[in-house]
Amino acid sequence: MSSRRLQITLQPEVLRWARERAKLQPEELAQKMGVKLPDRVLKWEHDGAISVAQVDRLAKCTYTPLGFLYLERPPDERLPITDFRTREGTPPPSPDLLETVYLMQRRQAWMRDELIEDGAEPLDFVGAYGLHSLPRDVSTAMRAVLQLTDGWTNTQSTWSGALRLLLDRLDTAGVLDCFNGVVGNNTHRKLNPNEFQGFALADEYAPRVFVNSADFKAAQIFTLAHEFAHLFIGKSGVSNFRILQPASNITERFCNEAAAEFLIPEEKFHELWPHVERANDCYQAIAGRFKVSSVVAARRAFDLNLIGRDVFFRFYQEYDDKEKRSIRESEVGGGNFWSIQRWRIGPRFAAAIVRAVRERRMLYREAYNLTGLKGETFENMPEKLGVSI
């Protein structure tokens, strides 16, 4: 008998945990594993009798580390950074979220070592403020780090142009940024924006922000500003804020306020409001001026007590319904492969990886794992991303 056909007995509770962790019904798992009857899956979860080959297949289909399936009990999986999503009813982190955070941490750790080896100086803005600071002071510092002047959004004709400008400035300022709507480059594993919208990894040498680009495009620029604000107070963590409701966590409230002031300064908002408040679509007028979504503009008006709670909630519901009906692309830069890769990887990080490979300080295998690109595609990366080595 082949060793892979060998029957073994594992803990039924662990096998059931793997399926539920992947949010699969028995019928769905059976189909993914090529098992004819869902009853076979239920039998595994009842008596633990399963073949070695089926264990391997189960691990692959549920995105579970193989060793976990041989444990005596399900592991207590937690995010390696603060979970600012935590509130009553929040489910455990999915395999997609966990793998995404782990990949970004590996990239950050490598880049940190690379920068220290090169004699780079730490970035003085990371952790320079605390929750005792004023969000307005942090928003001012955010603009200074990105070398943005007052009214910088006037230089951009669209919100997507403003978003790209922010990404370029972040990269130049030493912040590793990533926009991605899937796990790595696996288009079959779309990230769920209802689970998280972004996260920040604070570090004085290689700070990183991640934005879930599967979320509404209009929400992404606010997410980017929010995660950037996390770096200034030195707080790593995963966020799932909703513009509809004020954050319950003090850190999230602070970063929301700093992000809102960064995108729509209160003083400028008050100057504009009398000119647009009676317009048919006043929020869109504000959004066009500051290159944000109309729901962010409405939320800002609500926070500044310029509109009532009922008015905002009604507008938000209409906006949310419209967005859910719309067909939207999930990546910055549209469908072009290299436009997508530019912000899945980041120009600065890509250039550092290629230099390390060419100088034979990094194996191709490690470079492939960190970038998700292989062979000729990896070799073409510098030219296609427009980065200099």
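If you're wondering where the values come from, they're calculated on a predicted model, not measured in any experiment. Per-chain numbering applies: the sequence of each chain, read as written, is numbered from 1 onward. The predicted nature of this model means local features are confined to residues of pLDDT at least 70 and side-chain atom pairs, given and counted, to a pLDDT of 80 or more, with totals for whole chains, interfaces and linings taken over all residues. Side-chain metrics rest on all non-hydrogen atoms present in the structure, leaving aside hydrogens and water.

The next point concerns the nonpolar core. M142, L224, F228, F262 and W273 are the most contacted members of the largest nonpolar core, which has 62 residues in total. Helix and strand definitions here come from DSSP, where helices need a minimum of 4 consecutive H or I residues and strands a minimum of 2 consecutive E residues; each element is numbered from the N-terminal end. It is helix α8 (residues 217-232) that provides the largest number of residues to this core, a total of nine residues. If you look at the next biggest cluster of nonpolar residues, it comprises 24 residues, including W110, A367, L373 and F378. Among buried residues, those of type Ala, Val, Leu, Ile, Met, Phe, Trp, Tyr and Cys that are joined through side-chain atoms within 4.5 Å constitute a nonpolar core. Each residue is placed in one exposure class: buried if its accessible area under a 1.4 Å probe, protein chains only, is under 20% of its type's maximum, exposed if it is over 50%, and partly exposed if it falls in between.

Okay, the packing of helix α10 (residues 266-276) against helix α12 (residues 294-303) next. To obtain an axis, a line is fitted to C-alpha atoms, over the contacting stretch when the element is a helix, and the angle between two such axes runs from 0 to 180 degrees between their N-to-C directions. Two numbers describe how α10 lies on α12: the axes approach to 11 Å, and their chain directions differ by 95°. Regarding the angle of α10 to α12, the classification is roughly perpendicular. Within the contact between the two elements, α10 uses E266, F269 and W273 and α12 uses A297, R300 and A301. For the contact of α10 with α12, the residue count by class is four nonpolar, no polar and two charged. The cut-offs work like this: below 35 degrees is roughly parallel, past 145 is roughly antiparallel, 65 to 115 is roughly perpendicular, and the gaps in between are oblique. Throughout, a contact is declared for two residues whenever any of their heavy atoms are within 4.5 Å. Polar here means any residue other than Ala, Val, Leu, Ile, Met, Phe, Trp, Tyr, Cys and Pro, which are nonpolar, and Asp, Glu, Lys and Arg, which are charged; Gly is therefore polar.

Remark: the empty space left among the atoms is shown by a probe the size of a water molecule rolled over them. Grid points spaced at 1 Å over the protein atoms alone were grouped into cavities, where a 1.4 Å probe fits but cannot get out, and pockets, open sets with protein on both sides within 12 Å along at least five of seven lines, with lining residues defined by an atom within 4 Å of a point. Grid points are joined across faces, edges and corners, and a volume is the space filled by probe spheres set on the points. Scanning the entire structure with this criterion turns up three cavities of 30 Å³ or more. Size it by volume and the second largest cavity reaches roughly 50 Å³. Lining the second largest cavity, in full, are V354, V357, R358, Y364, F378, E379 and P382. Those elements that provide at least two residues to the lining of the second largest cavity are α15 (347-358) and α17 (375-385). The class makeup of the residues in the lining of the second largest cavity is five nonpolar, no polar and two charged.

Between the rings of Phe, Tyr and Trp (Trp by its six-membered ring), a pair exists once the centres lie within 6.5 Å; its type follows the angle of the planes, with under 30 degrees stacked, over 60 edge-to-face, and the other angles tilted. A complete count under the given rule lists 20 aromatic pairs for this structure. With a centroid separation of 4.8 Å and an interplanar angle of 5°, the aromatic rings of F199 and F210 are classed as stacked. Placement of the pair is F199 in strand β6 (residues 198-201) and F210 in strand β7 (residues 208-212), with a sequence separation of eleven residues. There is no split in this pair, since F199 and F210 are both buried. Through successive ring pairs, a cluster of aromatic residues spans F125, Y129, F228 and F232. Looking at R189, its charged tip hangs above the ring of Y63, at a distance of 3.5 Å from the centre. Lysine NZ or arginine CZ positioned within 6 Å of the ring centre and within 35 degrees of the ring normal marks a charge as sitting over the ring. For R299, the ring lying beneath its charged end belongs to F312, and the centroid distance is 5.3 Å.

Looking now at α8. Within α8, 15 of the 16 residues are buried, which leaves the element mostly enclosed by the surrounding structure. One or two residues past the end of α8 sits G234, with phi positive at roughly 65°.

Only when DSSP finds a minimum of two bridges between them are two strands counted as paired. Of the strand pairs in this sheet, strand β4 (residues 182-183) and strand β5 (residues 186-190) are connected by two bridges, and their pairing is antiparallel. From the neighbouring strand, V183 faces β5, where its bridge partner is N186. Linkage of β4 to β5, two consecutive antiparallel strands, is achieved through a turn of two residues, within which G184 is found at a positive phi near 60°.

The subject of this paragraph is the sheet that holds β7. In space, the four strands of this open sheet follow the order β3-β7-β6-β8, with mixed pairing throughout. Lying at the two open borders of the sheet, with one neighbouring strand each, are β3 (176-180) and β8 (237-239). Neighbour-to-neighbour, the strand axes of this sheet turn through a mean angle of 10°, independent of strand direction. The pairing of β6 with β8 spans three bridges and is antiparallel. Residue G198 lies in a different strand from β8, and its bridge partner there is S239.

Pairs of packed helices are described in terms of their axes, by the angle between the two and the distance that separates them. Where helix α1 (residues 12-21) contacts helix α3 (residues 38-47), the two axes come as close as 6 Å, and the packing angle between them is 135°. By the angle between their axes, α1 is oblique relative to α3. Judged by residue contacts, P12, L15, R16 and R19 of α1 engage V41, W44, E45, H46 and D47 from α3. Looking at the contact of α1 with α3 residue by residue, the class counts come to four nonpolar, one polar and four charged.

What follows is about the environment of A258. Mapped onto the elements of the fold, A258 is located in helix α9 (residues 250-263). Expressed as a C-alpha distance, the spacing of A258 and L373, which sit 115 residues apart in the sequence, is 36 Å. Leaving out residues up to four positions away in the same chain, A258 has contacts with P135, V138, S139, M142 and A229.

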